[in-house]
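The chain contents come next:
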Amino acid sequence: MHSIHLNIDDSIYDKLIGFLQILPKEKIEIVSDEDIMNISFEEAKRKVSRAINNIPNNEGVDLNTAIDKVLHS
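Next up on the list: the confidence of the model for the protein. The predicted coordinates ought not to be read in detail in places where the model reports low pLDDT. Residues of the protein with pLDDT of at least 70 account for 79%, and the chain-wide mean is 79. Per-element mean pLDDT across the protein ranges from 63 in helix α2 (residues 33–37) up to 91 in helix α1 (residues 10–21).

The next point concerns the pattern of salt bridges. According to the stated counting rule, one finds one salt bridge in the structure shown. Between R46 and E43 there is a salt bridge, and its shortest N-O distance comes to 2.5 Å. Of this pair, R46 and E43 both sit in helix α3 (residues 41–54), separated by three residues, roughly a single helical turn. Taking the relative accessible area as the measure of exposure, R46 reaches 41% and is therefore partly exposed.

Here is what the cut-offs are and how they apply
- Residues numbered from 1 in each chain as written.
- Predicted model: local features only at pLDDT ≥ 70, side-chain atom pairs only at ≥ 80, totals over all residues.
- Heavy atoms only, no water.
- pLDDT = per-residue confidence, 0-100.
- Helix = DSSP H or I, 4+ residues; strand = E, 2+ residues; numbered from the N terminus.
- Salt bridge = Lys/Arg side-chain N within 4 Å of Asp/Glu carboxyl O.
- Buried < 20%, exposed > 50% of the residue type's maximum accessible area, 1.4 Å probe, protein only.

As C-alpha cells, then:
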C-alpha cells in the first residue's frame, strides 16, 4: 500500500473526502493530520520507554518498521 500527504484547499476538501469515502474500504484508509498528530506527551513517553526497554532483550525492529509503527499506531 502507498501513502501520500496532500494539502487541500478548504473549497474542495469536502468533495475530495466524499469521493475517497465511496472507494472500497479495504483499498483505502483515510488518516487525517489530527489522527497522526493527536498523541499526548505521556503516550509518546510510554511508547519510547517501551521501545528502549526492549533493546537489551533483542526485541528491537529495524528503523523503518519502528517509524511506521509510531506513525500508524
